[in-house]
Amino acid sequence: MAERTLTVIDPAGLHARPAARFVQIANRFGSRILIRHAEREADAKSLIALLGLTIRPGTVITLVADGDDAEAALGALTEELTPYVSQTPASGAAN
Amino acid sequence: MVGLVLVSHSRTLVEGLRDIVAQFGGDEVRVELAGGTDDGRLGTNAVRIAEAIRTILGPDPASSDGAVLLLDFGSAALSVELALEDLTEIERAVVRVPEAPLVEGAFVAGVQASIGASLDEVAEAAVSAATMIKLPKD
């Protein structure tokens, strides 16, 4: 199980463009990947589920991956989100 | 890769929608359009719809990944029905017409197709677009 906590800084939140890219990249990995926001979570491989979180700017999200390629998946996803998020120190993690 | 056929009364509407699919799903997602009448008016055209489906399926429909067709409303459904009647059984077997919104369905289905999903998975993604949450709840 791997985990990353990030803060969304893009003024539009996690909007359609990054969400679509995020889902495309998540689907390249075999691991089960979840994105947690507040008390909700969504399958990171489902665009409709991800958009349903309506992630706004300034909110903390946690990516959780479980599987053989979990670390690689979170590395790739975090890199893709780089323009939209800041890395939140682990001590400040919401989960 | 599964392709999309976008059917609307308006040619310009589906042209814009094709841009959206290319932007979010990627240029490799194949999209065929059947928007408006042959003489440029608002309306739907069964012949053009059948043509668009066949373009996606290619010369060997049996080995095609298939086409998901999305339509706007009203007589578009009748034109689609006529177009489907014109297809061979082999062609018809690899076409899905999900109950889905046109714009949101094309966006979600385009992304789903881009990740190499199956015909039924792309059709299901389009259906799920009907419940897309757009406005923040808090």
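Not measured: the values here are computed from a predicted model.

Comments concerning the overall build of chain A
Then, in step 1: Within chain A, the secondary structure is distributed over three helices and five strands.
Then, in step 2: What you see for chain A is a C-alpha radius of gyration of 12 Å, in line with the 12 Å of a compact globule of 95 residues.
Then, in step 3: By residue count, 51% of the 95 residues in chain A fall in the buried class.
Then, in step 4: Counted over contacts in chain A with a minimum sequence separation of 6, partners at least 24 positions apart contribute 70%.
Then, in step 5: Accessible area of chain A: about 4400 Å², with a carbon and sulfur share of 50%.

Here we look at unusual backbone geometry
Residues and elements named next belong to chain A.
Then, in step 1: Positive phi, close to 55°, is recorded for A38, a residue that is not glycine.
Then, in step 2: Secondary-structure assignment places A38 in the loop between strand 2 (32-37) and strand 3 (40-43).
Then, in step 3: At T54, a position not held by glycine, the phi torsion is positive, near 35°.
Then, in step 4: Assignment of secondary structure puts T54 in the loop between helix 2 (47-52) and strand 4 (60-66).

Observations regarding the packing of helix 1 (residues 16-26) of chain A against helix 5 (residues 102-114) of chain B
Then, in step 1: Where helix 1 of chain A contacts helix 5 of chain B, the axes come no closer than 9 Å and their chain directions differ by 30°. Comparing their axes, helix 5 of chain B and helix 1 of chain A come out roughly parallel. Every pair of crossing elements has a handedness; the one defined by helix 1 of chain A and helix 5 of chain B is right-handed. Contact residues: helix 1 of chain A offers A16, A20, V23 and Q24 of chain A, while helix 5 of chain B offers F107, V111 and S114 of chain B.
Then, in step 2: Residues belonging to the contact of helix 1 of chain A with helix 5 of chain B are distributed by class as follows: five nonpolar, two polar and no charged.

Quick notes on the confidence of the model for chain B
Then, in step 1: Mean pLDDT for chain B: 96, with 99% of residues reaching 70 or above.
Then, in step 2: Here the prediction assigns the complex a pTM of 0.90, and the interface score ipTM is 0.84.

Description of the pairing of strand 3 of chain A
Residues and elements named next belong to chain A.
Then, in step 1: Looking at chain direction, strand 2 and strand 3 are connected through four bridges and run antiparallel. In the sheet register, I35 faces strand 3, and the bridge partner there is A42.
Then, in step 2: Hairpin connection, strand 2 to strand 3: the antiparallel pair is bridged by two residues, and A38 has positive phi, about 55°.

Details of the interface of chain A and chain B
Then, in step 1: Between chain A and chain B, the residue contacts involve 12 residues of the former and 17 residues of the latter.
Then, in step 2: Here chain A packs against chain B, burying approximately 1300 Å² in sum over the two surfaces, 66% of which is carbon and sulfur.
Then, in step 3: There are three residue pairs in polar contact (both at pLDDT 80 or more) connecting chain A and chain B.
Then, in step 4: For the side of chain A that touches chain B, the elements supplying multiple residues, two or more each, are helix 1 and helix 2 of chain A.
Then, in step 5: Counting residues per element, the side of chain A that touches chain B draws most heavily on helix 1 of chain A, at five residues.

Some thoughts on the pattern of salt bridges
Residues and elements named next belong to chain B.
Then, in step 1: For the structure on display, the rule yields 11 salt bridges over all chains.
Then, in step 2: Of the charged contacts, one joins E15 and R11 as a salt bridge, the two residues approaching to 2.7 Å between their closest N and O atoms. Here the residue E15 and the residue R11 both occupy positions in helix 1 (residues 11-25), the gap between them amounting to four residues, near one helical turn.
Then, in step 3: For R11, a relative accessible area of 47% gives the class partly exposed.
Then, in step 4: Ionic pairing is found between D39 and R41, a salt bridge with its closest N-O pair at 3.1 Å.
Then, in step 5: Overlapping salt bridges, with partners in common, bring together E32, R48 and E51 in one network.

The rules behind these values
Residues numbered from 1 in each chain as written. Chains lettered and ligands numbered in written order. Predicted model: local features only at pLDDT ≥ 70, side-chain atom pairs only at ≥ 80, totals over all residues. Heavy atoms only, no water. Helix = DSSP H or I, 4+ residues; strand = E, 2+ residues; numbered from the N terminus. Rg over C-alpha atoms; globule rule 2.2 N^0.38 Å. Buried < 20%, exposed > 50% of the residue type's maximum accessible area, 1.4 Å probe, protein only. Contact = heavy atoms within 4.5 Å. Areas by Shrake-Rupley, 256 points an atom, 1.4 Å probe, with all protein chains shown as cover. Axes fitted to C-alpha atoms, helices over the stretch in contact; angles between N-to-C directions. Parallel < 35°, antiparallel > 145°, perpendicular 65-115°, else oblique. Left-handed = near helix turned anticlockwise from the far one by under 90°. Nonpolar A, V, L, I, M, F, W, Y, C, P; charged D, E, K, R; others polar. pLDDT = per-residue confidence, 0-100. Pairing = 2+ DSSP bridges. Buried area = accessible area lost by both parts, 1.4 Å probe. Polar contact = N/O pair within 3.5 Å; in protein donor to acceptor, adjacent residues only side chain to side chain. Salt bridge = Lys/Arg side-chain N within 4 Å of Asp/Glu carboxyl O.

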